Amino acid sequence: MGQPLPRRVVFMGTPAFGRASLRALLEAGVRPVAVFTQPDKPQGRGRAVLPPPVKEEALRAGLEVHQPATLKDPAVVDLLRELKPDLVVVAAYGKILPPAVLEIPPLGCVNVHASLLPRHRGAAPVAYAIWEGDAETGVSLMRMEEGLDTGPVYAQRAIPLPEGATTGTLTPLLAELGGRLLAESLPALAAGTLRPVPQDPARATLAPRIRPEDGRLPFEEPAERLERQVRAMDPWPGAHSSVRGERIKVLAAKVAGAAPPGAAPGEVVLGPPVTVACGDGRCLLLTSLQREGRRALSSADLVRGFPLPAGTRLGL
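Rules used in this analysis
Residues numbered from 1 in each chain as written. Predicted model: local features only at pLDDT ≥ 70, side-chain atom pairs only at ≥ 80, totals over all residues. Heavy atoms only, no water. Axes fitted to C-alpha atoms, helices over the stretch in contact; angles between N-to-C directions. Helix = DSSP H or I, 4+ residues; strand = E, 2+ residues; numbered from the N terminus. Parallel < 35°, antiparallel > 145°, perpendicular 65-115°, else oblique. Contact = heavy atoms within 4.5 Å. Nonpolar A, V, L, I, M, F, W, Y, C, P; charged D, E, K, R; others polar. 1 Å grid on protein atoms, 1.4 Å probe; cavity = no way out; pocket = protein on both sides within 12 Å on 5 of 7 lines; lining within 4 Å. Points joined across faces, edges and corners; volume = space filled by probe spheres on them. Pairing = 2+ DSSP bridges. Salt bridge = Lys/Arg side-chain N within 4 Å of Asp/Glu carboxyl O. Buried < 20%, exposed > 50% of the residue type's maximum accessible area, 1.4 Å probe, protein only.

Peer 1: I would appreciate a short explanation of the packing of helix α1 (residues 16–27) against helix α2 (residues 53–60) in the present structure.
Peer 2: The N-to-C vectors of α1 and α2 enclose an angle of 30°; their axes lie 7 Å apart at closest approach. As summarised for this structure, α1 and α2 are arranged roughly parallel, according to the angle between their axes. The segment α1 lies against α2, with A16, G18, R19, L22 and R23 engaging P53, V54, E56, E57, A58 and R60. A per-class count over the contact of α1 with α2 returns 5 nonpolar, 1 polar and 5 charged.

Peer 1: In this structure, what is going on with the layout of surface pockets? I would like to understand it.
Peer 2: To find the voids left in a structure, one rolls a probe of water-molecule size over its atoms. The space that makes up the second largest pocket amounts to roughly 230 Å³. R45, P212, W236, P237, R247, I248, K249, Q290, R291, E292, G293 and R294 together form the lining of the second largest pocket. Elements that contribute at least two residues to the lining of the second largest pocket include exactly β11 (246–258) and β14 (282–291). At 3 residues, β11 tops the list of elements feeding residues into the lining of the second largest pocket.

Peer 1: I tried to follow the sheet that holds strand β2 (residues 34–36) on my own but got confused; where do I start?
Peer 2: Backbone-to-backbone hydrogen bonds join strands into a sheet, with any given pair of strands oriented parallel or antiparallel. Taken in spatial order, the 7 strands of this open sheet run β5-β2-β1-β6-β7-β8-β9, and their pairing is mixed. Pairing within the sheet leaves two strands with one partner each, and these edge strands are β5 (65–66) and β9 (153–160). Both strand β1 (residues 9–13) and strand β6 (residues 87–91) contribute to a ladder of 5 bridges, which runs parallel. In the sheet register, F11 faces β6, and the bridge partner there is V89. With respect to the sheet, α1 is in contact with β1, β2, β6 and β7 (109–113), its orientation differing from that of β1 by roughly 160°. Against the sheet, helix α6 (residues 167–191) touches β6, β7, β8 (136–143) and β9, its axis set at about 40° to β8.

Peer 1: Explanation requested: the pattern of salt bridges in the structure shown.
Peer 2: Close approach of charged atoms allows side chains with opposite charge to pair. Applying the stated criterion to the full structure yields 14 salt bridges. For E227, the salt bridge goes to R231, with nearest N and O atoms at 2.7 Å. Taken together, the positions of E227 and R231, both in helix α7 (residues 223–232) and 4 residues apart, correspond to about one turn of that helix. The same class applies to E227 and to R231, which are both buried. Among the ionic pairs, E246 bridges to R291, the shortest N-O distance being 2.9 Å.

See the structure below:
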């Protein structure tokens, strides 16, 4: 006979990252008494109102779903109390849990976080691990408290950060890793034998929510950091620059050799493919580009109809 599992679990999550943890609970034999996820929202170019991935997964499993606009509503807090959860599991829910919610489950609220805490506390840990050039990344199972990802850590799993990873390719890997870590930890969580270790605040870094303006490429920075930024902003908001008043998305890039003497950051020094001088004296080779409202092209194909000759300045 296996070890006992938490009997009454409430799950909270919204995007595809959370779906992996919900599946892990179900596969481990834990059927949440309810799933909380964010409200359906307009998405894509057509702005069709679509359900979050966690809601879709929950409905497929026949689970009870709630989509409150806020957890601060006293009626929502009362609902959670009526559900009598032993444990609340959170994976990319997208809302901060107020103290009134944190104190409900006797086993606490645990969060599956996509970083090796205390590094990259916040909403965008995957993007920042890439952007900052981390050699490794991973997931943490944390007991939640009022601070932003400041709670003690029950368990972690680390992996080398894959070469060439983007936020879009790395997130699913960490989602599956987080689901496995959660499933492995459930018996000890239920027994109360898994003791969380406090985080070292001196080692903490922040990974705030990515904004559209974070995609702008500041060519004054080193070429390697810019190449990482391109991957960190994929798929959203997408790295970009501008030329002749038009925004150009940079979908893929590579670090190239030294720039010619005197080349200014953001100056096209060679092409095709388009090669741009950076702040450290090296170049960034822009391998895939996209004009607004057009399809993605190799930079060699793009410049046939949209010339970017040497001396063109990007970002002005």
